[in-house]
Amino acid sequence: MSKETSKDNAKRSQITKRILLGVAIALVLVYIVFLFITTNFMGNNNIVTETAYNYKAYDIVESRCYVARDEEYLPASSNGVLVYDVNDGDKVTSDGVIATAYATQEDVAALQQAEELDRKIEYLESLNSVNTSANIGIDTINGQINDRLLSVMKSINAHDYSGISHEEEDLLTSILRKQILTGEQGNISDKIADLKNQRAAISVGSPTGTVKAGSAGYFVSKVDGYEKTFDITKLDELTVDDIENASPAEIDPDDYTGKIIKNVNWYLLCPVTADEATALSHADQTVKIRLPSAIDGEIPAKIIGVNAHADGERAVAIIQCNYMNDALSKLRRENIEIIVNEYEGLKISKAALHDDDVTYTTTDDKGNDTEHTERVQGVYVVYGVELVFKQVAIDYSGDDYIICNPAPKEGTLLNGSTVSLYDKVVVEGGDLFNGKIIS
């Protein structure tokens, strides 16, 4: 082989190496560009989102309180065996009959049996009237059954059992009426006649006397000895020591028919810490309270005073309430939750919070626009294949979440944009920025 041929081969080999090196460099550059685009524009970086939804949060002060009322004892009657004519928590007039006395327990048993038969007769007669009604048809009854069944189910799902016995009774009534209309129920008139015969055979002795209220108010059949422990005319002088040293008077419950709560207003005496006392002192006077063992839900109340203790570390909050029912009328020592503040807005995990720049424009008196950029706290929201940064207005901060105002007052947001209901908010993901394209 000639020298010229060897040189040509060497030259071609060198060119080939340069071409291969150039191709390799180009491939590396393409790969780097691909990684950059997929990482920052096309990839989702394992983005995890949550949906922004409405939520309520509360600032709550908890306490173990005493209940104080203006209560008057009703002495026991010596006229015989008493039958109460009113229920606990019922409102009574000053001359209203609280109980009726009978000579013997047998008379009371006969009275109760007669009253039970009267109720059954009245109930069956109301059912039987459906047979002669031209306005009630099977479709109407079916609609009532469906509605009342749904009402019972809703009460059960909501754990609201306060009125479920009445709802169940209404449902049973509709079912029985349907059976009467369709002939599935036997001759109800015969049943009514049989009950009336039973009722006629019962002889009830005449009452030997009555017990009257004496004062207008709410009736309670039981006494506990705390009726005079706290003077409600001097609640502004009440101390933590008074609460801690409270004890019932030694009384015999058999000496009393019950008591009358004379005033519509009653009071919850709540020992609290100094910090809790400060929060209550700065709260709105009108609040809501929860008494979990006595009533479901919240009832309105009013903070009428916070008495600080001499040690500066404790206090007594005085809460006034005028809501009344059977359970509340019997309260004395109770756990209470005082709702100092209530927050409602969009619940978002704290993990979603980031700082980023927002741009906004201001206009001076001469109409000149100036663009500004400022760093604020907000969240990234997924819109289609893009991330959008939105400033947030935080109303409440919990341990691991915040409550954001979806419509904060004017001037709170720099560019007027914030998180909205059902937004997909990013809670996990790397290299997040406004405008990022995700897959």
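Residues numbered from 1 in each chain as written. Predicted model: local features only at pLDDT ≥ 70, side-chain atom pairs only at ≥ 80, totals over all residues. Heavy atoms only, no water.

Trainee: Where do I start with the pairing of strand β9 (residues 256-261) in this structure?
Mentor: Successive side chains on a regular strand alternate, one facing one side of the sheet and the next facing the other. The buried fraction of β9 is high, at five of six residues. Strand direction decides the pairing type here: strand β3 (residues 71-75) and β9, joined by five bridges, are antiparallel. Pairing of Glu72 across the sheet is with Ile260, part of β9. Where strand β8 (residues 217-220) meets β9, three bridges bridge the pair, whose relative direction is antiparallel. Within β9, the residue paired with Tyr218 across the bridge is Ile261. (Buried < 20%, exposed > 50% of the residue type's maximum accessible area, 1.4 Å probe, protein only. Helix = DSSP H or I, 4+ residues; strand = E, 2+ residues; numbered from the N terminus. Pairing = 2+ DSSP bridges.)

Trainee: Got a minute to help me understand the packing of aromatic side chains in this structure?
Mentor: One pair of aromatic rings is described through two measures. These are the centre distance and the angle between the planes. A complete count under the given rule lists eight aromatic pairs for this structure. Judged by centre distance (5.4 Å) and plane angle (50°), the rings of Tyr66 and Phe230 are tilted. Here the residue Tyr66 occupies a position in strand β2 (residues 53-68), and Phe230 occupies one in the loop between β8 and α6 (240-244), the gap between them amounting to 164 residues. For the pair shown, Tyr66 and Phe230 are each scored as buried. The structure contains a cluster of three or more aromatic residues connected by ring pairs, namely Tyr55, Tyr343, Tyr396 and Tyr401. We note Arg290 situated over the ring of Tyr58; from NZ or CZ to the ring centre the distance is 4.7 Å. One cation-aromatic arrangement involves Lys347 over Tyr55; the distance from NZ or CZ to the ring centre is 4.3 Å. (Phe/Tyr/Trp six-rings, centres within 6.5 Å; stacked < 30°, edge-to-face > 60°. Lys NZ or Arg CZ within 6 Å of the ring centre and 35° of its normal.)

Trainee: What should I look at first to understand the sheet that holds strand β6 (residues 97-102) in this one?
Mentor: Backbone-to-backbone hydrogen bonds join strands into a sheet, with any given pair of strands oriented parallel or antiparallel. Read from one edge to the other, the open sheet built from three strands follows the order β4-β6-β7, with strand pairing classed as antiparallel. The open sheet terminates on both sides in strands that have one partner only, identified here as β4 (81-84) and β7 (209-212). Pairs of neighbouring strands in the sheet enclose a mean axial angle of 30°, with direction left out of account. Taken together, the four bridges between β4 and β6 define a ladder with antiparallel strand orientation. Bridge pairing links Val83 to Thr100 in β6. (Axes fitted to C-alpha atoms, helices over the stretch in contact; angles between N-to-C directions.)

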